[in-house]
Amino acid sequence: MPVRLPLLIPAFLLLLRFGLILSPLSPWLRDDHQLASPLTSFTRLKEGIWLFQKGIDPYHGGVFRHSPLTLALFTTLIPPLPLVSALVWTAADGLAAWCLGEIWRARIAPNADEGRGLLLASLYLANPYNLGPTLALSTSSLDNALLLLSLRFAVLQRPSPAVLLLALLSFSSLPAVLLLVPLVMIVLSGPRATAVPRKVDLNAAGRAVGEFALYTIAFAGASTFVAGSWGWVLQTWGATVMLPDLTPNPGLWWYFFTEMFDHYRPFFLLTFSLHPLIYVAPICLKFQHDPLFAFFLLQGIISTFKSYPTLSDAGLYVSLLGLFPEIYTYFRHPLVTALLHLHAAVLLPLFHYLWLDAGTGNANFFYASTLVFGLANGATIVDSLWAGLRSTIGEKDGWDVVQL
Amino acid sequence: MAAVHTPLLEGEAKERGEDVLGLSLAHPVHEDSTRRAIVASYWIVVLLVFPVWYYMTSIERLPLPTERIDLLGQREVQFPIKIDVDLGDIGDLELSRTYPRKLVEDLARLRQGSSGELPPLAFDIAISAGEDPGDPCTDAASGEEEDSYRLHFRTQDAYPMFASCGRHLLIGARDGTDLPHSVGDTLRDLLAPYSNSRLHPPAAESRIAQYSPTYRLAFTLLNEDASVGGAAVGWEIQQALSQYIRPTLAQLSALHNFTIESQVQYFGGLTFDPLGPLSDDDGVESWRLSEEQMSVFVNSAEWTLTSGVSNDPVLHFILFVPSADRRPLYTETRLRLQRNDSFILPQWGGVVIHNPSGHHEGAPNTLLSAHDLAGPFKVFRSQLSALLGVPQFPPQVVTSAWQHKSPITPWQLDALKRRRALENVRNSADALRSIVSLVNQIENMPVGQDVLGQVDGALAALDATTPAASSSSLSQILAHSIDAFTLSSKAFFNPGMIGLLYYPTEHKYAVYTPLFAPVAVPLIVALVREIKAARERRRAAANKQKTE
Amino acid sequence: MHLPLALLLLLLHTIPALGTPQNEQFEEHLTLRPLPDGKVHAQFRFITTVSDPLKGVPFDLADREEALHTTLLPLSLTQLLRTYYTPELHLSLNAGKWDPLRWGQPGGALRTGAEMWAWVTDSRAPSGEGEGEGEGEGEGGRWQGLTNGLAGLFCASLSSQMEQRTTSPRLAFRPEGDLPSYTPHKLYHASHPSESICTENLTPFLKLLPCKSRAGIAQLLNPHRAFDADWHGMGVHVRWSNSSAGGETEVRMEVGVVFDPVRVSGGKREWSLKSLFDRTITRSCPAASSSVLTVQLPEEMHELLPQPAKMLSSDGVFEAVYDLGSVGEEMDVGMRWLEDRFDYATVRYTPPELIIRRALKGGSTGLSELSVILSNTRAEPRRVLYVETLPWFISLFLHTLQTEVDGVARDDIIQSISYLPPVSPKPTLLEITLLLPASSEVHLTMQAEKGFIRYTEHQPDASRGWDLPAAVVFPLPLNASSSPAKVAIGGGEGEGRIYSSTLLVDLPTPDFSMPYNVIIMSSTLVALFFGSVFNCLTRRFVVLRMPAEKGKGKAS
């Protein structure tokens, strides 16, 4: 029977991934600082598994910072053999792409526009920001898949699986907790934008939040059981907040805290950790009518300002942008933003190589390229925000809309 | 001109029939209430973080009890002295009536004019007369009360003019009128010897080492050059110590804790050459150390005299054996009565030069037995007493035979205790006052809980030394003064009291401003706007109510 | 006729009676060993033995307040050990790299830089500790106090960065003496690879000797010559043994120097005390009960002056022994060979039994590779313990540990691994027990990652890099059940352990001139973003009617 042509593209991309992971390209990329952070690196995962199997507490030192649940998964169900990991990562990416398509379909229901969903999935798979970390076997790809799966369940207005998956995700990536509020809002109001705000059903919301708390506690207990003690809290969640490992990454924290004086360090760590938190309430309040958009914006903020980002965070955020075509006409400076992204994408690996491999550059080069990357992401978020607001007003010849 | 389109105008435009579809500000996202909620949510987070910031960046500066410290200067320590006068067999009843008054006058004079500074003594005098005299030295030799002294007058000729045993002073008064030194003067020499500049010259005062609750005594047998022979390669130090030094240490145990260490050195070279050889009147050749040479005698660069393990102050005692080709070695003295083979280095220790009998090179090396060490260790003992501040005993008072077993009389010990207690109280008060002024001057200096505890402890100990406190015997005053001294030193030298001098205020501003100034501006502007708008609304609502 | 009598009297007068007290004994020993490559190894040993329990290190914790009276023992060192309850201490301070191929493997502490390990009593002292000792008690506090004291005693910065250098090895380093059995002891080990020795360390060392540098063998220690040598080092080793009643304490102080007469004299390898040290022995030490100079005789034809009093032979090596107990006038010993110039090409070296080579390969990014090659030249298999301590910023990935024997990957070489991951700032401790096959080369590789450390944690000369301490290899007996035999006092020292070289690792540095710039730039970006988002969210939208413009036709 004839297979639909458009389906071949994502299938091909998945096969490409599978092949590339098994090729020698993957070990070469495995410890690249842009693709894998200390929280998501595959090498560290294997080291943690080895320590665990030898009876040494993997959370005793600072090498292993994955969550105990990941440790449990990879020591029991999924052995970290090359073929198995290639399958797992490819499957995760496929799942993420499929969820993205499903989310789009749920958003435009009852209209059906199959083509664009497939396009979104293919773009997700083809995006080098996502391809790179997958080839590097960074667990951030698995995190993305979890997030998109949770979002899909939320979009289908099924609170329990959504909240469960988000709780699971928060163990690998603590800032994902901030997405609880928009997720619950999506569960309650659905994926589509509404003109009239719905009454918030506080009971249902409370139940969802309570379930989240319950799942978190359960998972925390399971983690403690796996790890044997509470040491994992400091090494995984504590690492996100206290930044013990100053390995370079595309984010803004590492160099700031490399150069920061010890006396001010605790306060600035607190400030930087709370910074994404301060946006949750305003954005959710402003976009009550379109919680999916709020989710998208918050995910963008998290991926720009989290402590250990990788390129897959930016990739997820940029892929989610494809869910909102209605705002494209309202971008104020799309060309600038796109060029900034291109600029950063070229500079990041170049200056990283110059600093650490060739030795002819110094740390400031790479730091500057992370600033450009941060600026590019920030510009995207601000522009999307403005466009999202502007799109609620509409167009008419002869009239212009400005902000005071 | 561009016209501003508001929902009101939209209604009007609809009336005019204009097509305004597709452009509407009616979407709930643009409502004022949403905006107010947003600004409020930003401000709530900021206000919640503010106390956390304050807590995290503040330096712990607990308040010191400054009022109590200020009042310290007005306090006075008073040492209670109880004097029992036993007139004995002075038959003259007239004298037995007038003499107590004369004694009181003498003691009153003590308080006023005197060549030195008197400690604050509170006298309590009781007179008893006509009892069976007895010999106070043989009765009740032990069991003496602290702070309580007894004067016994005797008219028998068998008694010398002034004699003392324990805390008793026996005065041989033949007829009670012509005593060469007044009883008051002798009492002053016994009770407050530091105020008598003849008994306690300034040279003796400068020798006294500073008070410390623990002292390390380092004894060294220092051979100048053992390779030429005739050296002392060992000594029976433990016996000598237990015979001569330890009794003194036991007597001083209320004041100091002592640790002893000793060593033998074989090559302790001098940095200079002694003067000589000189022949003295008897034709004997000897070498001499001049006074200048004595002051640079200790070759600290070459001699490792103490272990340096702890921070306790050290008193060094060196038994110096000159090399066999430069013997005998003496010091130059102008006074015939002074010993010519020992000297004290003020506040540091003492040196005794031992010239063994083997004068020539190649003589066998010897071990110093306890018998050989008797002389030097007696000198060490007196040097130790001088360094620790034990006052001289007045020469006009004869001490009885059994005093030699305990080399320091209770009079001297009590006077030393009074002196040290007073010193400690004064130094503690000074330290506490310095702490307060230092903390006030340096703003970044943290004051932790431990410092506060130590200051409180020192103040409590100082309170316990005042007459108002219930305990007021000399040993208790001394113990409290030692506590006060220790605690105030600990508080003053507390390592946490180093101010955060590395972070001047400009750096603080430089670090905080780039992030928080641009962040604060829109927050504040928005807040101000909202407040103004709220006021406008209230005024408009009030106006509307008025017009209705 | 009178001459022999006069000579006898003269002789009697020149021999001072050694009236040392009982229970304490001081011996000094100098060994001169000509090496195959023309160099000369001089090893000074000063051994003080005390069998009076009151003078040694106390084991009864209440004994500490007792007075300490020493005659021959150095007071400062003994008092330090008593204060911190240390029955066994080893300290070595070396400069240069010991070349086992050319110079042999005499055993002992041959690590480049400073190395110190001690067994410290682990229990708390009874009540009544004096002030100032509060910080010296408890876990780690005594070790800290001990290192501070030693640093002050020898004027070496041994106590800096103690936390970053101290480990407690589980399998390595057995005590050479006994440890008092009724209280537990903990082993602490620290090494400072970049610390070297100079005159300011030698001077306090010499002051600890009874005769200092005025008499006896120590007269030869001329700092100008000693520190010009290819390898020089000093060591202090204190151990206690339970042999006699009350125990016996031995303090062994050593100085080792490897001279190069060929370089100094321009081609000839003859030497004498005068030419090596620029000094001779003029006086004998009155405190020494035995003062001996031993010269190991090489196999070639040589001439030794003056004639030795005794010849000994042990293990096939001939030694000439001179007694320095009674030195009348200058004593100078020299050796000459019958040749004009020394020819390096004719030298044949016997390879040592165990060779270790270590390297850290790889660029700055990604993972580096720690590569260790252990060569066993003996014809029988050997069991060794390999001990590696790395600072906390080097993370090892042990799951990548691979072993190859002569190029072939094998799994059965490693018998056990004991690994303590680094917890900043404490270092890593890796102890691997290996069975080396006969006449083989074993290649261990594992990946390591160089960490990124804070601006304030870098050293002042950050571009130089960090020194990684040498790895140590301990030979173990072949049967795995017994622990390595304890060495009796006076027997072999050092258990034949072998040190690798130190490595210099270059960490990626941030820009040190930039703290405020970075703060400003990052803060600006964050503030910019914050401000933009805030404005977007809180400002009012206003719809403006655009005026109709000629040519831009948009009908109103």
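Cut-offs and rules
Residues numbered from 1 in each chain as written. Chains lettered and ligands numbered in written order. Predicted model: local features only at pLDDT ≥ 70, side-chain atom pairs only at ≥ 80, totals over all residues. Heavy atoms only, no water. Disulfide = S-S within 2.5 Å. Helix = DSSP H or I, 4+ residues; strand = E, 2+ residues; numbered from the N terminus. Contact = heavy atoms within 4.5 Å. Buried area = accessible area lost by both parts, 1.4 Å probe. Salt bridge = Lys/Arg side-chain N within 4 Å of Asp/Glu carboxyl O. Polar contact = N/O pair within 3.5 Å; in protein donor to acceptor, adjacent residues only side chain to side chain. Expected span 1.5 Å × (residues − 1). Buried < 20%, exposed > 50% of the residue type's maximum accessible area, 1.4 Å probe, protein only. UniProt positions renumbered as here; feature names shortened; annotations may be inferred. Axes fitted to C-alpha atoms, helices over the stretch in contact; angles between N-to-C directions. Parallel < 35°, antiparallel > 145°, perpendicular 65-115°, else oblique. Left-handed = near helix turned anticlockwise from the far one by under 90°. Nonpolar A, V, L, I, M, F, W, Y, C, P; charged D, E, K, R; others polar. Pairing = 2+ DSSP bridges. pLDDT = per-residue confidence, 0-100. Domains from an automatic or database assignment. Patch = residues over 30% accessible without salt bridge, like charges linked within 9 Å, V, L, I, M, F, W, Y side chains within 5 Å. Areas by Shrake-Rupley, 256 points an atom, 1.4 Å probe, with all protein chains shown as cover. Core = buried A, V, L, I, M, F, W, Y, C linked by side-chain atoms within 4.5 Å.

**Considerations on the state of the cysteines**
Residues and elements named next belong to chain C. By the definition in use, this model includes one disulfide over all chains. Note that Cys 211 is cross-linked by a disulfide to Cys 285, the S-S spacing being 1.7 Å. Since a negative S-S torsion denotes a left-handed disulfide, the Cys 211-Cys 285 link at about 80 degrees is right-handed. Taken together, the residues Cys 211 in the loop between helix H6 (199-207) and helix H7 (223-226) and Cys 285 in the loop between helix H9 (273-277) and strand S11 (290-296) connect sequence positions 74 residues apart.

**Re the interface of chain B and chain C**
Interface size is commonly expressed as the accessible surface area that is lost when the partners come together. Taken together, the 57 residues of chain B in the interface contact 50 residues of chain C. Carbon and sulfur atoms supply 62% of the area buried between chain B and chain C, which totals about 4800 Å² over both sides. In this structure, the connection of chain B to chain C is made through one salt bridge. Between Asp 225 of chain B and Arg 283 of chain C there is a salt bridge; the shortest N-O distance is 3.1 Å. Linking chain B to chain C there are 10 residue pairs in polar contact (both at pLDDT 80 or more). Contributions of two or more residues to the side of chain B that touches chain C are made by strand S1 (4-5), helix H2 (32-57), helix H7 (237-251), strand S9 (257-265), helix H12 (474-492) and helix H13 (505-547) of chain B.

**Points about H2 of chain B**
Between its first and last C-alpha atoms H2 of chain B spans 37 Å; for 26 residues at 1.5 Å apiece the expected length is 38 Å, and the two agree. Inspection of H2 of chain B places Thr 34, Arg 35, Ile 38, Val 39, Ser 41, Tyr 42, Trp 43, Val 49 and Thr 57 of chain B among the buried residues, and these make up the whole buried set. Summarising the contacts, the buried residues of H2 of chain B are in contact with helix H15 (265-286) of chain A, H13 of chain B together with helix H10 (515-538) of chain C.

**Some thoughts on the UniProt feature "transmembrane region" (unreviewed entry) in chain A**
In this numbering, the UniProt entry assigns the feature "transmembrane region" (unreviewed entry) to residues 162-191, 212-233, 267-285, 292-308, 338-355 and 367-389 of chain A. End C-alpha to end C-alpha, residues 338-355 of chain A measures 26 Å, and it is 100% helix and 0% strand.

**A closer look at the pattern of salt bridges**
In this structure the tally under the stated criterion is 43 salt bridges over all chains. Arg 44 of chain A serves as the salt-bridge partner of Glu 449 of chain C, at 2.8 Å between the closest nitrogen and oxygen. Of this pair, Glu 449 of chain C sits in strand S23 (residues 440-450) while Arg 44 of chain A sits in helix H3 (residues 42-54), each in a different chain. The pair Glu 449 of chain C / Arg 44 of chain A is uniform in exposure class, with both members buried. Measuring nitrogen to oxygen at the nearest pair gives 2.6 Å for the salt bridge that ties Glu 536 of chain B to Arg 539 of chain B. Highlighted residues: Glu 536 of chain B and Arg 539 of chain B, both in helix H13, separated by three residues, approximately one helical turn. Of the residues examined, Glu 536 of chain B reaches a relative accessible area of 43% and is grouped as partly exposed. Here the residues in one salt-bridge network are Arg 45, Glu 176, Arg 239, Glu 250, Arg 252 and Glu 254 of chain C, joined through shared partners.

**Thoughts on the packing of helix H10 (residues 410-441) of chain B against H12 of chain B**
Residues and elements named next belong to chain B. Their axes nearest at 8 Å, the elements H10 and H12 cross at an angle of 30 degrees. When the axes of H10 and H12 are compared, the pair comes out roughly parallel. The handedness of the crossing between H10 and H12 comes out as left-handed. When its residues are assigned to classes, the contact of H10 with H12 shows 13 nonpolar, six polar and four charged.

**With respect to the sheet that holds strand S11 (residues 285-289) of chain B**
All names here are of chain B. Spatial strand order, S10-S11-S13: three strands in an open sheet with mixed pairing. Every interior strand has two partners, whereas the edge strands, strand S10 (275-279) and strand S13 (329-331), have only one. Neighbouring strand axes in the sheet, compared pairwise and without regard to direction, differ in orientation by 40 degrees on average. Sheet topology note: the S11/S13 ladder contains three bridges and is parallel.

**A look at unusual backbone geometry**
Residue Pro 328 of chain B follows Arg 327 of chain B across a cis peptide bond; omega there is -10 degrees. Tracing the sequence through the fold places Pro 328 of chain B in the loop between strand S12 (314-321) and S13. Located in the positive-phi region is Gln 157 of chain A, a residue other than glycine, with phi close to 60 degrees. Following the sequence through the fold, Gln 157 of chain A ends up in the loop between helix H8 (140-155) and helix H9 (159-172). Positioned with a positive phi, Gln 347 of chain B is a non-glycine residue whose angle comes to about 65 degrees. Examined against the element boundaries, Gln 347 of chain B turns out to sit in the loop between strand S14 (342-345) and strand S15 (349-353).

**Regarding the confidence of the model for chain A**
Per-residue confidence for chain A gives a mean pLDDT of 90; residues scoring 70 or more make up 96%. H8 of chain A holds the highest mean pLDDT among the elements of chain A, 95, whereas strand S1 (residues 399-403) of chain A holds the lowest, 72.

**A few points about the domain arrangement of chain C**
Residue and element names in this part refer to chain C. Domain boundaries in chain C define domain 1 (22-124 + 134-346) and domain 2 (354-505). Domain 1 and domain 2 are separated by 27 Å when their C-alpha centres are compared. In this assembly, 37 residues from domain 1 lie in contact with 38 residues from domain 2. On the domain 1 side of the interface with domain 2, the three residues burying the most area are Arg 111, Gln 164 and Glu 176, jointly 17% of the side's total. If you look at where domain 1 meets domain 2, you find zero salt bridges.

**As for a nonpolar patch on the surface**
Together, Leu 335, Leu 339, Leu 342 and Val 346 of chain A give the surface a local cluster of nonpolar side chains, amounting to about 410 Å² of exposed area. Here Leu 335 of chain A lies in helix H18 (residues 334-358).

**Some details on the nonpolar core**
Within the largest apolar cluster, 173 residues are counted, with the highest numbers of intra-cluster contacts made by Phe 219, Trp 235 and Phe 377 of chain B together with Phe 44, Leu 146, Leu 150 and Val 295 of chain C. Looking at this core, the element that brings in the most residues is H10 of chain B, giving 12 residues. Those residues in contact with Phe 44 of chain C, other than ones at most four positions away along the chain, are His 29, Leu 30, Ile 217, Leu 220, Leu 221, Met 253, Glu 254, Val 255 and Phe 277 of chain C. In this structure, Leu 137, Leu 297, Leu 321 and Leu 356 of chain A belong to the second largest nonpolar core, which totals 159 residues.

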